[in-house]
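Close look at the chain arrangement
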Amino acid sequence: GGILTSGGIDVTVDSCTFSQNSAAFFGGGISVGEPDGEGIKEANLNVSRSVFLLNTSIQGGGINYGNVDGSVVNSLFYNNSATVDPNNGGGNGGAISINISGSEPGTVSLINNTMGNNSGETADNVAVFQDSIAMATVNMQNNLLYGGISSNPNVAVEAGTPDIVSLGGNLL
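Now for a description of the structure that goes with this document. Everything numeric here is computed off the predicted structure, so don't read it as measured data. Each chain has its residues counted from 1, running along the sequence as written. Two thresholds apply to this predicted model, a pLDDT of at least 70 for residue-level local features and 80 or more for giving and counting side-chain atom pairs, whereas whole-chain, interface and lining totals are computed over all residues. Side-chain metrics rest on all non-hydrogen atoms present in the structure, leaving aside hydrogens and water.

**Things to note about the sheet that holds strand 21 (residues 155-159)**
Basically, it comes down to this: Only strands joined by at least two bridges in the DSSP assignment are considered to pair. In this description a helix means any DSSP run of H or I spanning at least four residues, a strand means any run of E spanning at least two, and both kinds are numbered starting from the N terminus. Axis angles are defined between N-to-C directions and span 0 to 180 degrees, where every axis is a line fitted to C-alpha atoms and, for a helix, only to the segment in contact.
Taking strand neighbours across the sheet as the criterion, the six strands line up as 1-4-8-14-18-21 in an open arrangement whose pairing is parallel. With partners counted over all chains shown, the strands left at the sheet margins are strand 1 (3-6) and strand 21, one partner each. The sheet shows a mean angle of 10 degrees between the axes of neighbouring strands, taken without regard to direction. Two strands pair when backbone bridges link them, and strand 14 (residues 96-100) and strand 18 (residues 126-130) are joined in this way by five bridges, in the parallel orientation. Bridged to Asn-99 within strand 18 is Phe-129.

**Side note on the sheet that holds strand 15 (residues 106-111)**
A sheet is described by the order of its strands in space; here six strands give the open sequence 2-5-9-15-19-22, paired in parallel fashion. Among the strands making up the open sheet, the edge pair consists of strand 2 (11-14) and strand 22 (163-166). Recorded for the sheet is a direction-independent mean angle of 10 degrees between the axes of neighbouring strands. Alignment of strand 2 against strand 5 (residues 44-48), held across four bridges, turns out to be parallel. Note on strand 5: the bridge partner recorded for Val-11 is Leu-45.

Laid out in structure tokens, this is it:
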């Protein structure tokens, strides 16, 4: 992928283009994660005014959040894909995959983004995973999500019962 970090490293991306990146597992464009999800969340991923185009992975074609907090603001996701691997599963979140597990809650805010023509088995645009003890919250405001390649839902829950909160202005 374009950026891969783990273990408490904050990542801030502003006005960047991620195009034609590929990752074997997480985040074709960006993947930021805490290794086990059991400790205190030490990392954040904040993205603004960026473009994600033609990126692929099995989890989060554009971005994968793995037990970290953050935001995506004023960004474009187009033609990204989360593909299914016969040995490892996947296909979650063509544009963005948000995964929260362990004892610490996690919050990701998606504000003023456009996501279109992305594809994923669980969700063409945004997939959210929460394990049995975690608390995941996704706040969405003023986003345009449309027409995935595979006609799967624009936003979907991969597992668990995360809170997906519309703060208004979303077109799905």
